[in-house]
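# Reading the structure
Residues per chain are reported as follows:
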Amino acid sequence: MLNRTSNETGFKETFEMKHLKDLELPNENYMKIYALPIANSKFDYKKLKEIVANNIKNYVYSRREINEAIEKNVADGLYAKALNKFREIKNEKDNGSGSELGEILLYLFMECDLNAPKILSKMELKTNKNDYVKGADGVFLHTYEKDGYKVFDLVIGEAKIKNNISNAISEAFNSIQDHLNQEDFEVDLVNENIFREKFDMEEAEELKKIIVPSNANAKDTTTNRAFGIFIGYSLNANVENVSSIQAIKIMEEEIEKNSNTISNSLKKKINDNNWNNYSFYIYILPFNNAKEDRKDIMKYILG
């Protein structure tokens, strides 16, 4: 029922899927490792900066706010206002600035790859002071057909960009545990003022029926809580004193080696926590230096 909000221009040219892993769960799931273009023995961030910049306003503002701006003929000013929102609402307590990059990339992968439209972004949630939204890096809706049922996955997003992949995975799964401890997350979400402000009345009512299902709903539909995770990490491939072509081969081999280690780690985390009955959609992206690069990229975009 929801349309995607993102501008997909350049997505396929920016992100190339290198590995797809099944996490061996009964419900829909996967881990995908993507990579950026490589130039001069490093990941090239030019296209990444472009697609993030092109989606700033789509990420920050709801469909309703963008439509109202278009109707008032003031949509051209939304980009500058979106940049100001990023400058005003920053997670300075995070270990290094630039964490907003992970939130935007999560949004892009959820919409452009999973085809799960945004319900609320982290930036929209940040304007709300209630505890239940503090950990969510976005909420999305993934719809698909399976075994004669129409399935709605309410996808709760987590984004982590850390130098160490193990630390990033651990922090993401700690946040998932926090979400699962919030039994009334769905009810609280649709009852908040921010939810009513972001959708028109008809959209809000339809979403409420999906997010908080009842026996009055169609018998061949089901709504489940799922998790969408974006993780960025430092590749740490040794490409000193080698040609550019050799560097590409070394980096790709390192990504392939990482893919097995990461997927095994994810499967163990899920099994150890007995979370096999949830869907997981996990995206992995290597950086040159994750902690520094996320800061530099956001500094470039925000000016």
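Just above, that's the structure.
If you're wondering where the values come from, they're calculated on a predicted model, not measured in any experiment. (Residues numbered from 1 in each chain as written. Predicted model: local features only at pLDDT ≥ 70, side-chain atom pairs only at ≥ 80, totals over all residues. Heavy atoms only, no water.)

## Considering the packing of helix α2 (residues 46-54) against helix α13 (residues 290-302)
Packing of α2 against α13 leaves a shortest axis separation of 10 Å and a crossing angle of 50 degrees. In terms of axis orientation, α2 runs oblique to α13. With respect to the hand of their crossing, α2 and α13 are arranged in right-handed fashion. Together, Leu48, Lys49, Val52 and Ala53 of α2 and Ile297, Tyr300 and Ile301 of α13 make up the contact between the two elements. Classifying every residue of the contact of α2 with α13 gives six nonpolar, no polar and one charged. (Axes fitted to C-alpha atoms, helices over the stretch in contact; angles between N-to-C directions. Helix = DSSP H or I, 4+ residues; strand = E, 2+ residues; numbered from the N terminus. Parallel < 35°, antiparallel > 145°, perpendicular 65-115°, else oblique. Left-handed = near helix turned anticlockwise from the far one by under 90°. Contact = heavy atoms within 4.5 Å. Nonpolar A, V, L, I, M, F, W, Y, C, P; charged D, E, K, R; others polar.)

## Side note on the pattern of salt bridges
A full pass over the atoms with the stated rule returns 18 salt bridges. Two residues, Lys208 and Glu205, come together in a salt bridge whose shortest N-O distance is 3.7 Å. Separated by three residues within a single helix, Lys208 and Glu205 lie in helix α11 (residues 201-211), roughly one turn from each other. Take Lys208: its relative accessible area is 22%, and that puts it in the partly exposed class. Its salt-bridge partner being Glu254, residue Lys257 comes within 3.4 Å of it at the nearest N-O pair. A residue pair is termed a helical-turn pair when its members lie 3 or 4 positions apart in one helix, as Lys257 and Glu254 do in helix α12 (residues 244-272) at three residues. Here Glu254 falls in the buried class, since its relative accessible area comes to 18%. (Salt bridge = Lys/Arg side-chain N within 4 Å of Asp/Glu carboxyl O. Buried < 20%, exposed > 50% of the residue type's maximum accessible area, 1.4 Å probe, protein only.)

## A look at the nonpolar core
Phe15, Leu105, Ile119, Phe173, Phe230, Phe280 and Phe287 are the most contacted members of the largest nonpolar core, which has 97 residues in total. Considering every element that reaches this core, the biggest residue donor is helix α6 (residues 100-112), with nine residues. The contact partners of Phe173, leaving out residues within four places of it in the chain, are Ile229, Leu266, Lys269, Ile270, Trp275 and Phe280. (Core = buried A, V, L, I, M, F, W, Y, C linked by side-chain atoms within 4.5 Å.)

## Looking at the packing of aromatic side chains
Per the counting criterion, the structure on display carries 16 aromatic pairs. When the centroid spacing of 5.9 Å and the interplanar angle of 20 degrees are considered together, the rings of Phe109 and Phe230 count as stacked. You can see Phe109 sitting in helix α6 and its partner Phe230 sitting in strand β8 (residues 221-234), a full 121 residues away along the chain. In terms of burial, Phe109 and Phe230 fall into one category: buried. Members of the aromatic cluster, joined through ring pairs, are Phe11, Phe15, Tyr30, Tyr34, Phe109, Phe230, Tyr281 and Tyr283. Across the ring face of Tyr300, the terminal group of Lys49 is positioned such that the distance to the ring centre comes to 4.3 Å. (Phe/Tyr/Trp six-rings, centres within 6.5 Å; stacked < 30°, edge-to-face > 60°. Lys NZ or Arg CZ within 6 Å of the ring centre and 35° of its normal.)

## Observations concerning the environment of Tyr300
Examined against the element boundaries, Tyr300 turns out to sit in helix α13. Among the residues examined, Tyr300 registers a relative accessible area of 56% and is labelled exposed. As a C-alpha pair, Tyr300 and Lys49 span 251 residues in sequence and 8.1 Å in three-dimensional space.

## Description of the sheet that holds strand β9 (residues 279-287)
The strand order β1-β2-β9-β8-β7-β6-β5 describes an open sheet built from seven strands, whose pairing is mixed. With one partner strand each, in any of the chains shown, β1 (16-21) and β5 (118-121) form the two edges of the open sheet. Averaged over neighbouring strand pairs, the angle between their axes works out to 25 degrees when direction is ignored. When strand β7 (residues 149-161) meets β8, the two strands line up parallel, connected through twelve bridges. Paired with Lys150 across the bridge in β8 is Thr221. The sheet strands contacting α6 are β2 (29-35), β5, β6 (138-146), β7, β8 and β9, and the helix crosses β7 at an angle near 155 degrees. (Pairing = 2+ DSSP bridges.)

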